[in-house]
Amino acid sequence: MTESSFPIPSSLHDLEREPYNLQPYPHDFDDEDEAARADSFCNLVEIVDRGNRTLVNEGMTLFHSQQYEGVDPWMTQERIQALYTLVRKSTSLAISTRWGLINSLCRSVKILSSVLDEKQDTDTSEHPEEVLGEESQGSAKNHVVSQEFRDAFACHLYMLFSVMHVMESEAKIGSSLKTGGRRRPDSREAEEMIQMRATCADAMLVAAQKMGANRNKLWKRGVPDEAVVVLPCRIAYQMLESATGVIARKAASGDEAIAMIAATVDSCDVLLGTILAALMDMLHSFEHMACICSELCCLVTTNQLAIELIREIGRLDTHSQDTGKASGIKFVAPFISELALCRPRLVLANISHLLPHLNSDPYYLRSAIVSALGSIVQHIGRSLSTLLHEDGTQGNGESIEMSSPNLEKSRGALLDLLEERAHDVSSYTRSAVLKAWISLVQSGSIPVKRVVSVTAFAIDRLKDKTVMVRKQALQLLTTLLENNPFLGDLDPEPFRAKLSEMYDYVKANLPLDIKEAYEANLSEAQGNGEMEDSVMELERATLAAAIAEGDEMDEADETNREFKAKIDALKYAQSALEFIDQYENASGNIHSMLLSANSSDVREALRFFVKARHFKLPCALTGMKQALALMWSTEQSIKEEVLKAFVEVFIAIPGTDGKEYLPSDQIAYNLLILVDQANISELASIEEAIGRLVKEGGIPADVFATVWGAAMKGPAKSSASAIQLLAMAANTDRNIVDSKSRLKILLDIALGDEVEEKRDWGVARAAALALQRIERAQVDPSCAKYLVLERIMEQLCTVARGDWCVDTTERDTMHWFSAAEEAVGALFVISPQPEASCADIIRGMHQQTLGTDTIHVCHPLRLARFFHVLGHIALKLLVYTEALSGSVRRANAKRTLKKQEEADKNKGSLSSAEDEDIELELGMAAEIEAENERQVAEIAEKEIVGRGLLSAFGPIIVRVVVNEDGHFSNPVLMQTSTLALCKFMCVSSSFCEKHLPVLFTALANAPSEDVVLRANTVIALGDLAFRFPNEVEPYTPRIYACLRDSSTKVRRHTLMVLTHLILNDMVKVKGQVCEIALCLRDPDQRMRDTARLLFHELSKRSNNPVYNLLPDIISQLSQVSLGKEDFRNIMSFLLGYIKKERQNEMLIDKLCQRLPKCANISQMADIAYCMAQLKINEKSMKCLVDNFKLYKDALFDEEVRKHFLQIISKAKKLAKPELKQPLEEWEAKLNEQAELGMENKRASEKAAQAKARSSKRGATRRRPAVESIPEMSESDEDSDAEVSFEDKENAPQNKSPTEGGSSQKPRLSRRGRNVGNACA
């Protein structure tokens, strides 16, 4: 076989060298002007077309004909030169000429490719070297084409490659111009470019496929020329680089490019390594290549490419610090999950190469692997649920052990891995794991026995610190709920009933051996008098044994079959209840997500509760009631989500997305149940939601007619709930209540004889609430509606006076309080003269309590009711007065505005005198308005509780609150009198200032068990501080003192009051803020949360008060008895709000200056800890170095030294190169001073120990001298003692020599001197 005359060059310009020797232009190329140049290019295209026509006519015979021996009959030098010139100058060709080149060249390649399929009829006996038999395949002999054909094919393929290469370069340049200032191609040029690229790609794909199909014809022994075969792949790589999306992929002919590579891989095994290296390089460089490579692996007929790619990924170095490699791994990782989606069995067979990466650093690699595991488990689940091929193989050639036990084992192992990775260190990987579990649940790939465990770890992930993990965990719980295996509804009552029934059956039909053992153990336990817990434990053990035996029973026997069925039913009910209990236990975590600052948490929690309500989970109703508190959210999207959830749960048909409503009676029933079970705060949220829905027409009108029917015919509790629901709706649409007929119904059912007889204060309160939604009555005796309202007002006065109350029943009075408040409130809304009605109420109650001479002792509950009404009327009068003032002010403003508009309109036609009159009138109006405001303020200050009817009872209230004689010790009386005093104080500043000492004294003297009194007083003090901040300000420390109250309720109320006062700037944040900082470690969670909220809101302010407060907080916390961990947790939280560098610098300087003032080393360690928590910059380091003398003496302590070393470690990470050496010097200085301090400490410890030993030796030496003195009688000891302490100077003279006193004392003296010398 002759040598090729056209080897593939390394670049297009190499064709001008040996062995090609081509010229840039042909010798006859006319280049005189543009027209001649264009004609010359067209002539070159014609040369190519003429050769194409010849090839079409003669086919393969053209290359095997004897007459052309020694001469290339078709690929002449002229044709090659024309092709080279056209390709080389293709970018400067006119569009028509360029299209001619591309069409001609693509036609040439296609013709040459099609010629390969022709049978060779020529006699090849003269060319035996061109014939190769394919003996390995057992086929007939195939003829090898001539070298001339191979050269022609290679030449045209390379020219097509070069044209496509130029076009791909142009496309990249065009894309780079999108953001640049240069001109980018217009749409027509871009469309022409796309069509050209598609034409060339189609021709190249045909060539690649024909080369693969006719490899044995093209090359001897089927060994291809790699340089030729790889050309389609080389251009395909460039095409795929720009296939970044759906549109870009179509423009770049990405599908054809993938097919080129697939055809090459299938036909040329020797290029697998080259293609593999190129694909790995592209996977590392381009994000979009992961999906393309997975698609390529599916197109290739063998698995070798996919297996090699998996192995290459398994060999990746994931511990490299190279940034480029790290980003490349990020692009490679999605290939794993994409390949697992389309070839799960292949990935499963080679999963051992990937699993080691689960312990690698890049989280995206771990995330991709867990996603792949999810796809594999789904495939195993489908395989287990369908019939497999008997030989265990599928049509794609993949093989795996497909027996059910092996698949079950594989699935179990993979699911264990997924459960384990749910606790990955990366939140992205944890999120990917939960997504995989969601897809598994949706596809039904999880065994039933794993449902409970999956639910458990999903609930555990609700506590995750990252939002996306919590979101995925809640979505997994919702998906488990939707796909639960327990027949849909999850109401626990039917399952409990079923469990009890099955348990009774099993207990009555126990197997004989178990029954005998149970009865024997039971009689023994009863005989020993064992507790009930032991008996229950015995029953549980018996049940477990019965279940175990039932699982092993032979079903051939009818009795055994029935018993086994009952056992299965019992286990089913147990699993269902366990599943339900898990959701009930998780409700607390989901409720906390409703309070999250992240809107994603809130939305997911709402959606969960909607779904839980549809499945009748008990936690759904509680969760929805808590969710309604979000109706007060400042984010409109959250409010809309809550309202949507409310509609889906209580109003709409499940699954209709709120578009189809339930029947009216069902809606009414749902709303009545909701209102009936709600507390006060929940009722306010429900009212807001219902008001919005009524305004938007979201509740059908028939619902309220049904509710009216329930109010008239239902029991007392249902009537109260129904009337309250109507009141909520009437707050938006008063016509629901405000009509003669409906007011008459309210009078009859809520304020009539039946309510009076039963003393049903709940119904009366609900009626009063509803009456507050109507208009004020207009006096008109001829109007039937007014007559009804007049009767209603009389009944409201009766309720407010408490005429129906029984003094002997405290519970009756407690229920009356709220009814009386709403009754008084209703009077101020509907009565034409509310002050007169209130005066009648006060006089009536005065007569009942203090008004007659026959009454010498008043019942404390009656007096409590009187004080309660007095206080509430005082507040209502204040509100009523201010409302009247506001009405007058608005009317005056409206009238003034009208006059001003008229004046402006007639300004040109009025004289100057008239203008002055108008201005004078407007000025007088302003003065009148100011005077009105002054009069209203004077009424509030002096008239209501100063000179009016209420003022007569102020001293009585004060006397009861003071309780000097202890006569007023009833808890209810003390609470109501204190609250009434607070309400009186809210009206008048002078009254408040005068009686504040009384109030704080009452607070201090309140009984420890009366938590309600202290809590109410704290709340009232907050109201007083809002209304009269200057009067309350001196008593602020006494409010802070309530944070140390023994009652959690009082502490909660105090902290909440202080939080509102501080955030509204009604109380200045001073040194007492340390008390709030201590609340960060309070045992109560709500206390800690509120304290965190306060500091968080303070930190948002421009001046960041937290920074200014920190020195005082540190100082005061150091002086209180606070544990080290508590102190550090508090300071770590507070120091987290110091964000500005300047504040960090100044705080470090202040803390350094405070170090020498510390009383002990533990305080120094605390301050060092605080400095270690701050951010370090160059100025901070300079401050620490300059102030070294202030803390050098404390470095001997291990804690102090550790914190300063932490500062140095933090500084080294952020320091500039020039600061490395000063930091090292500072560190060496610290260590040196620490060692010196430790030596001094050890020396002082040794000195102290030596001194202690010396003192001990001195005491030991003195003891024998004392023992050498002869024993004395008690009288001698007493006399000696008297000598020693009373008359030391005369002792020797007064003592006789015979007593031995004078001879013994000198000896003792010498002993003492010896001991002193020894100590010295």
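Residues numbered from 1 in each chain as written. Predicted model: local features only at pLDDT ≥ 70, side-chain atom pairs only at ≥ 80, totals over all residues. Heavy atoms only, no water.

### Overview of the overall build of the chain
Within the chain, the regular secondary structure consists of 60 helices and two strands. Relative to its 1320 residues, the chain shows a buried fraction of 46%. Long-range contacts, defined here as pairs at least 24 residues apart, represent 73% of the contacts in the chain between residues at least 6 apart. (Helix = DSSP H or I, 4+ residues; strand = E, 2+ residues; numbered from the N terminus. Buried < 20%, exposed > 50% of the residue type's maximum accessible area, 1.4 Å probe, protein only. Contact = heavy atoms within 4.5 Å.)

### Some details on the packing of helix α29 (residues 664-676) against helix α31 (residues 701-713)
Here α29 crosses α31 at 60°, and the two axes come no closer than 8 Å. Overall, the two elements α29 and α31 adopt an arrangement that is oblique. As for how α29 packs across α31, the hand of that crossing is right-handed. From α29, Ser-664, Asp-665, Ile-667, Ala-668, Leu-671 and Leu-672 reach across to α31, where they touch Asp-702, Val-703, Thr-706, Val-707 and Ala-710. Among the residues forming the contact of α29 with α31, the class breakdown is seven nonpolar, two polar and two charged. (Axes fitted to C-alpha atoms, helices over the stretch in contact; angles between N-to-C directions. Parallel < 35°, antiparallel > 145°, perpendicular 65-115°, else oblique. Left-handed = near helix turned anticlockwise from the far one by under 90°. Nonpolar A, V, L, I, M, F, W, Y, C, P; charged D, E, K, R; others polar.)

### With respect to unusual backbone geometry
In this chain, Glu-18 is followed by Pro-19 through a cis amide linkage whose omega measures 0°. Residues other than glycine seldom take positive phi values, yet Asn-21 does so here, at roughly 55°. Here Asn-21 lies in the segment before α1 (34-58). Residue Asn-21 is classed as partly exposed on the basis of its relative accessible area, which comes to 38%.

### Some thoughts on the side chain of Ser-1118
In this fold, Ser-1118 is placed in helix α50 (residues 1105-1119). A distance of 2.8 Å separates the side chain of Ser-1118 from the backbone oxygen of Ile-1114, its partner in a polar contact. When neighbours within four sequence positions are excluded, Ser-1118 is seen to be in contact with Phe-1127 and Gln-1163. (Polar contact = N/O pair within 3.5 Å; in protein donor to acceptor, adjacent residues only side chain to side chain.)

### Thoughts on the packing of aromatic side chains
What the rule picks out here adds up to 25 aromatic pairs. Between Phe-149 and Phe-153, the aromatic rings sit 6.2 Å apart at their centres with planes inclined by 25°, giving stacked as the arrangement. Pair noted here: Phe-149 and Phe-153 are both in helix α5 (residues 147-176), with a separation of four residues, about one helical turn. Overall, Phe-149 belongs to the buried group, its relative accessible area being 0%. (Phe/Tyr/Trp six-rings, centres within 6.5 Å; stacked < 30°, edge-to-face > 60°.)

### Observations regarding the packing of helix α35 (residues 761-771) against helix α37 (residues 810-830)
Contact geometry of α35 with α37 gives a least axis separation of 8 Å together with a crossing angle of 20°. Taken together, the axes of α35 and α37 are roughly parallel relative to one another. Remark: the crossing between α35 and α37 carries left-handed chirality. Only Asp-812, His-815, Trp-816, Ser-818, Ala-819, Glu-822, Ala-823, Ala-826, Val-829 and Ile-830 of α37 make contact with α35, whose side of the interface consists of Trp-761, Arg-765, Ala-768, Leu-769 and Leu-771. Here the residues of the contact of α35 with α37 are counted per class, giving ten nonpolar, two polar and three charged.

### A look at the environment of Leu-771
Tracing the sequence through the fold places Leu-771 in helix α35. Judged by its relative accessible area of 0%, Leu-771 falls in the buried class.

### Quick notes on the pattern of salt bridges
One pass over the full model with this rule turns up 59 salt bridges. As a salt-bridge pair, Asp-657 and Lys-644 come within 3.7 Å of each other at their nearest N and O atoms. Remark: Lys-644 occurs in helix α28 (residues 636-650) and Asp-657 occurs in the loop between α28 and α29; sequence separation between them is 13 residues. Its relative accessible area of 45% is what places Asp-657 among the partly exposed residues. Exposure remark for Lys-644: the relative accessible area of 41% places this residue in the partly exposed category. The residue Glu-775 makes a salt bridge to Arg-734 at a minimum N-O spacing of 3.2 Å. (Salt bridge = Lys/Arg side-chain N within 4 Å of Asp/Glu carboxyl O.)

### Some thoughts on a negative patch on the surface
Together, Asp-30, Glu-32, Asp-33, Glu-34 and Asp-39 give the surface a local cluster of negative charge. Locating Asp-33 in the fold gives a position in the segment before α1. (Patch = residues over 30% accessible without salt bridge, like charges linked within 9 Å, V, L, I, M, F, W, Y side chains within 5 Å. Areas by Shrake-Rupley, 256 points an atom, 1.4 Å probe, with all protein chains shown as cover. Lys, Arg positive; Asp, Glu negative; His and termini not counted. Charge placed at Lys NZ, Arg CZ, Asp CG, Glu CD.)

### Topic: the confidence of the model for the chain
Within the chain, residue pLDDT values average 82, and 86% of them lie at 70 or more. Confidence over residues 177-183 falls short of pLDDT 50; this stretch has five contacts with residues more than four positions distant or in other chains. Residue range residues 1263-1320 is modelled with pLDDT below 50. Its contacts to residues more than four positions away, or to other chains, number 22 contacts. (pLDDT = per-residue confidence, 0-100.)

### A short note on the environment of Lys-1220
Here Lys-1220 is to be found in helix α57 (residues 1220-1267). You can call Lys-1220 partly exposed: its relative accessible area is 34%.

### Quick word on helix α9 (residues 231-241)
Burial analysis of α9 places nine of its eleven residues in the buried class, the great majority of the element. Listing the buried residues of α9 in full gives Leu-231, Pro-232, Cys-233, Ile-235, Ala-236, Tyr-237, Gln-238, Met-239 and Leu-240.

### A closer look at the state of the cysteines
Under the defined criterion, the tally for this structure stands at zero disulfides. Left unpaired, Cys-233 is separated from the closest cysteine sulfur, that of Cys-268, by 8.6 Å. We note that Cys-1183 lacks a disulfide partner, and the nearest cysteine sulfur, in Cys-1152, lies 4.7 Å from it. Note on Cys-1183: relative accessible area 13%, which makes it buried. (Disulfide = S-S within 2.5 Å.)

### What about the environment of Val-265?
Within the fold, Val-265 resides in helix α11 (residues 254-267). Note on Val-265: relative accessible area 7%, which makes it buried.

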